[in-house]
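Residues per chain, in single letters:
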Amino acid sequence: MVYGLAALDSSGRIADRTVIRALGWGPGTRLHIREGSGVIVVRVDRQGVFTVTGQGHLHLPAAVRHWCGLAAGERVLLAANPADGLLVIHPPAALDAMVAAVHADVLGGGQA
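Residues numbered from 1 in each chain as written. Predicted model: local features only at pLDDT ≥ 70, side-chain atom pairs only at ≥ 80, totals over all residues. Heavy atoms only, no water.

1. Digging into the overall build of the protein
Logical step 1: Helix and strand counts for the protein come out as three helices and eight strands.
Logical step 2: Listing every helix and strand of the protein by position from the N terminus yields β-β-α-β-β-β-β-α-β-β-α.
Logical step 3: Projected onto its principal axes, the C-alpha coordinates of the protein cover approximately 50 × 30 × 20 Å.
Logical step 4: Relative to its full complement of 112 residues, the protein shows a buried share of 38%.
Logical step 5: Sequence-distant contacts, at least 24 apart, represent 58% of the contacts inside the protein between residues at least 6 apart.
Logical step 6: In the form shown here, the protein has an accessible surface area of approximately 6,300 Å², with 55% of it arising from carbon and sulfur atoms. (Helix = DSSP H or I, 4+ residues; strand = E, 2+ residues; numbered from the N terminus. Buried < 20%, exposed > 50% of the residue type's maximum accessible area, 1.4 Å probe, protein only. Contact = heavy atoms within 4.5 Å. Areas by Shrake-Rupley, 256 points an atom, 1.4 Å probe, with all protein chains shown as cover.)

2. Remarks on the side chain of Thr53
Logical step 1: Inspection of the secondary structure assignment puts Thr53 in the loop between strand E5 (50-51) and strand E6 (58-59).
Logical step 2: The class of Thr53 is buried, set by a relative accessible area of 16%.
Logical step 3: Not counting residues up to four positions away in its chain, the partners in contact with Thr53 are Arg13, Pro27, Gly28 and His59.

3. Some words on the nonpolar core
Logical step 1: Membership of the largest hydrophobic core comes to 22 residues, with the highest contact counts inside it found for Ile14, Ile40, Val42, Leu58, Leu87 and Ile89.
Logical step 2: Residue assignment for this core shows that the elements contributing at least two residues are helix H1 (17-22), strand E3 (30-36), strand E4 (39-44), strand E7 (75-81) and strand E8 (86-90).
Logical step 3: Counting five residues, the second-largest nonpolar core is a separate cluster that includes Val39, Val41, Leu86 and Ala94. (Core = buried A, V, L, I, M, F, W, Y, C linked by side-chain atoms within 4.5 Å.)

4. A few points about the pairing of E4
Logical step 1: Sheet topology note: the E3/E4 ladder contains six bridges and is antiparallel. What sits directly across from Gly36, in E4, is Val39.
Logical step 2: What sits between the antiparallel neighbours E3 and E4 is a turn of two residues, in which Ser37 has the positive phi angle 55°.
Logical step 3: Relative to E8, E4 runs antiparallel, the two sharing four bridges. For Val41, the partnering residue across the bridge sits in E8 and is Val88. (Pairing = 2+ DSSP bridges.)

Structure, rendered in structure tokens:
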């Protein structure tokens, strides 16, 4: 796994080239992007309508940003699995839910 933290710019671009390069995705790579369970799943798809930009950035479509409640400047966790060619983007709300679940388990139901 390769991880990164990146901020979304005002156009919905994510500029973490380290993660994109680890996946082997170059400019023009066609992608399928979908939302599921509060996270964004990105895979290579020769028929995909989305592409890695000429600068090597990932552009999240407005509809996907809206589904996940993402706004410009928000930071997301990028979790890439190069062996599977898969990128999962975790918006703040998904991270909040994961952290709350772990804390509840570790702290015994949320008790400090």
